[in-house]
Structure formats: C-alpha cells, structure tokens
Amino acid sequence: MTEVRGESAAAQEERIIEEHLAQEAERALNRKLSPWVKLGIVAAFVVVFFGSFMLGRYPVMPVEWFQGVIAHFAHLIDPSAPIDGTLENVLFKIRFPRICVVLLVGAALAVAGASYQGMFKNPLVSPDILGASAGASFGACLALLLDLPNAYVQFFAFCGGMLAVGLAVWLNKLVRYDPILGLVLGGILVSTLFQSGTSVVKLLADANDKLPSITFWLMGSFASEDADQLAVIILPMLGGFALLLLESWKLNVLSFGDEEARSMGINTRLVRLVVIFASTLVVSCSVAVSGIVGWVGLVVPHVARAVVGPNYRVLLPASMIIGSTFLLIVDDIARLMLSVEIPIGILTAIMGVPFFVIIFRHNMRGWK
C-alpha cells in the first residue's frame, strides 16, 4: 500500500512539473516582441549594409555613393548617360556581389544552426554536425588537387556536402531506437571519414603550389566573390530558406518531444528530413563559395534566442538577419584590419569564442 501511494505521489509530482514546464514553454512561445527590438535589428542591418559599401581600400563617401547609385541606374536606362568607371567598378562589380554573398552565407549558417539546435534539442549543435562542412571541404580540396577551374571547386564542394549528409542519414538506420542519437553518430562517423580524406588530399598536394591554396581555402575567404558566384548560389539558398521558414512552426512542436508532435499529426521523420535537406543545401552552397566559416551557426542562434525568444517562427528570420549583420561586420574587419586580408574563418573563431562564453554563462539556463 505504501509503494502504491509512493508511486502515486511521484506520478503526481511528475505531472505537476510537466504542466509547469508546458506553461512556461507556452508563455515563451507567445512572447510579444517589442517594436523597438524589431526596429533595432533592422536598423543595425541597414547601417552595416550601407556602411560596407563605403568602407575599403577605396573609401566612398555617402554623397559619392548616392551619386554612384543614381548614375548606375541612369546608365542602365540610357547607356549614353555619363558614368564614373572607377566608382562603378568599386560599388557594383566588386563590393555589391561580395556583400550579397556575405549576407547569404551569414543568413544560411545562422538559420541552419538555429534549425539544427531546435531539431536536436541541443544548444551545442552547429550546422556541420552531420558532416556537411567536412564533405564540402573534401570535395573542394579534391578539385583544387586536380587543378580544376573555380566553378568545379564550387560544384565538388556542394556535391561533397550533400553526399556527406546523405551518408549520415543512411547510417541513422543503424540506431533504430533513437533517431536523434543515430543522426549524431552518423554525422560523427561521416565527418571523421571526410576529414581523413581531406588530410590525404593535403598529403598528396604539391607543397609549393597546391597545398597553400588548399590551406587558404579551408580558412575561409570572400576575397574572390563576384556576380557569377552570386548567381550560382542565390536560387538554391532562397529555396532552402523558404523550406526552413515553412517548417518553423513544426520545430516549435518538436521542441516538446516526438510523442507530442505525433499526437498533433506531425510526421517527425519527414520534418527532420526536410530540415536536414534544406540546411544541408544552404550550408553546402555557403562552403562552396566561401570555404569553412565556423562559429556563426553556433553563436548567432543563441544571440537571436536571447533577443527574440524561442519561438522558431520569429527565431529563424531573426537568426538570418543577425547572422548576415554579424558576418558582414566580420568581413569588413577582415578587409580593413591589415594590409593583407585576414581569412574570415580566423576572425569568426576569435570573435565567436568570447561571445559563446558570455552566452553560455548567462543564458544557457533558459535555453529551452
């Protein structure tokens, strides 16, 4: 009789705790975002975006930028209209494609990181957990070893990222009792395999010619971005963004657990596959054009969560905007800090680690 009463008391206590957690989660999901917060996020993005056009080896004053924009569109309408060739090249042939690529990559890494953290219910998850970055790195390094043109380097990187994640999803079948654990283990195995492949490629590369280019590519850079690379990645990335934003409300439901999600009629396996495919698509495109840019997908979602809360219908767009702004700031620093451009991956790590330590200390308790 005592055991029955004890069990009843324990079950009642567990039920009370679950109800309390559910109420807290509901309050967090229904949290209203202040208009000032929205305005602040958008204002920061706009300032950094337009400021990036004016910063560089060839500084552009606001009046010159305004005149250059007017002259550019006037020239598009009437090719005989006068135009400053130097200003035109700086603003629209060099900086505009680079800024757009940086914005897309920052948004892609941040939204993929936020989606993975919600799907795996783990704040330490980053976009490369399933091996996308390792696979893309191997593909790009293999293309560089074979001395293929830049377009093939991007293609090999994209295919390598998709192949790596595909293998991780396939290996997930080995762990039938826990799909999350299966994905994580599959990602670890695949990442180790492709990292070993990258090491073999570096070992085979000519130390005086190809090895430096492979090493520099792995550190990440936006120095060679142009309109052609922007045209290649923009449609796949926009498609991936659309898929993730459409799945945002399902990520909210998944945060309560698989059983609750299934009780609401959600196919949890299909949702995970869609999120994995869309995240891999945008991350592979990012790595293909910029190399390895770490920490953005790990740190930025925490910053966004601290600002807007855990509702993924708001968190994913906020992560995209904050990620774009953050990476554009880092890219500006990389261009201006030294006479030689610093690889972007080095700066994101240097800036990301202190950010993450602060966030981990003050905000991890309220992550869920």
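In this text the structure is predicted, and so the values were computed from the model without any measurement. (Residues numbered from 1 in each chain as written. Predicted model: local features only at pLDDT ≥ 70, side-chain atom pairs only at ≥ 80, totals over all residues. Heavy atoms only, no water.)

1. Overview of the overall build of the protein
The helix and strand inventory of the protein stands at 15 helices and 0 strands. Within the structure as shown, the protein displays about 18900 Å² of accessible surface, and the carbon and sulfur contribution to it stands at 68%. (Helix = DSSP H or I, 4+ residues; strand = E, 2+ residues; numbered from the N terminus. Areas by Shrake-Rupley, 256 points an atom, 1.4 Å probe, with all protein chains shown as cover.)

2. Looking at the pattern of salt bridges
Under the criterion given, the structure shown has 5 salt bridges. Where arginine 98 meets aspartate 331, a salt bridge forms, and the shortest distance between an N and an O atom there is 2.7 Å. Separated by 233 residues along the polypeptide, arginine 98 in helix α4 (residues 85–120) and aspartate 331 in helix α14 (residues 312–336) bring together distant segments of the chain. The class for aspartate 331 is buried, based on a relative accessible area of 2%. Aspartate 332 is the partner of arginine 335 in a salt bridge, and the nearest nitrogen-oxygen pair spans 2.8 Å. Placement of the pair is arginine 335 and aspartate 332 together in helix α14, with a separation of 3 residues, close to one helical turn. For the pair shown, arginine 335 and aspartate 332 are each scored as buried. Each of Arg98, Asp331, Asp332, Arg335 and Glu341 takes part in salt bridges that share partners, so that together they form one network. (Salt bridge = Lys/Arg side-chain N within 4 Å of Asp/Glu carboxyl O. Buried < 20%, exposed > 50% of the residue type's maximum accessible area, 1.4 Å probe, protein only.)

3. Description of the nonpolar core
Among the nonpolar cores identified, the biggest contains 96 residues, and Phe120, Leu130 and Phe241 are the most heavily contacted of them. Sorting elements by how many residues they give to this core places α4 first, with 21 residues. Excluding residues that lie within four positions of it along the chain, leucine 130 makes contacts with Tyr116, Phe120, Ala164, Val165, Ala168, Leu183, Gly187, Val190, Ser191 and Ile276. (Core = buried A, V, L, I, M, F, W, Y, C linked by side-chain atoms within 4.5 Å. Contact = heavy atoms within 4.5 Å.)

4. A few points about unusual backbone geometry
The phi torsion at aspartate 147 lies on the positive side, around 60 degrees, for a residue other than glycine. The residue aspartate 147 is located in the loop between α5 (132–145) and α6 (150–171) in this model. Of the residues examined, aspartate 147 reaches a relative accessible area of 60% and is grouped as exposed.

5. Side note on α6
Here α6 is 22 residues long and its end C-alpha atoms lie 32 Å apart, about the 32 Å a rise of 1.5 Å per residue gives. Along α6, the residues classified as buried are Val153, Gln154, Ala157, Gly160, Gly161, Ala164, Val165, Ala168, Val169 and Leu171. (Expected span 1.5 Å × (residues − 1).)

6. Side note on the packing of aromatic side chains
In this structure the tally under the stated criterion is 8 aromatic pairs. Geometrically, the ring pair formed by phenylalanine 53 and phenylalanine 96 is stacked, given 6.4 Å between the ring centres and 25 degrees between the ring planes. Here phenylalanine 53 is found in helix α2 (residues 35–54), whereas its partner phenylalanine 96 is found in helix α4, with 43 residues between them in sequence. You can call phenylalanine 53 buried: its relative accessible area is 5%. Exposure remark for phenylalanine 96: the relative accessible area of 33% places this residue in the partly exposed category. Every member of this aromatic cluster is reached through a ring pair, and the members are Phe45, Phe49, Phe50, Phe53, Trp65 and Phe96. (Phe/Tyr/Trp six-rings, centres within 6.5 Å; stacked < 30°, edge-to-face > 60°.)

7. Side note on a nonpolar patch on the surface
A cluster of nonpolar side chains, namely Leu163, Leu167, Trp170 and Leu193, defines an oily patch on the protein surface of about 420 Å² accessible area. For the nonpolar patch, the element with the highest residue contribution is α6, accounting for 3 residues. Position of leucine 163 relative to the elements: it lies in helix α6. (Patch = residues over 30% accessible without salt bridge, like charges linked within 9 Å, V, L, I, M, F, W, Y side chains within 5 Å.)

8. Let's talk about helix α7 (residues 179–204)
For α7, spanning 26 residues, the distance from its first C-alpha to its last is 37 Å, which sits close to the expected 38 Å at 1.5 Å a residue. Three or more residues of α7 are buried, namely Ile180, Gly182, Leu183, Gly186, Gly187, Val190, Ser191, Phe194, Gly197, Thr198 and Val201. The secondary structure elements touched by the buried residues of α7 are α4, α5, α6, α8 (210–219) and α12 (268–290).

9. So, the side chain of glutamine 154
Mapped onto the elements, glutamine 154 comes out in helix α6. Here glutamine 154 is in contact with Gln229, Val232, Ala288 and Val289, once residues within four sequence places are set aside.

10. Comments concerning the confidence of the model for the protein
Summary statistics for the protein give a mean pLDDT of 85 and a share of 88% for residues scoring 70 or more. Taken element by element, the predicted model of the protein shows its lowest mean pLDDT in helix α1 (residues 2–29) (55) and its highest in α14 (94). (pLDDT = per-residue confidence, 0-100.)

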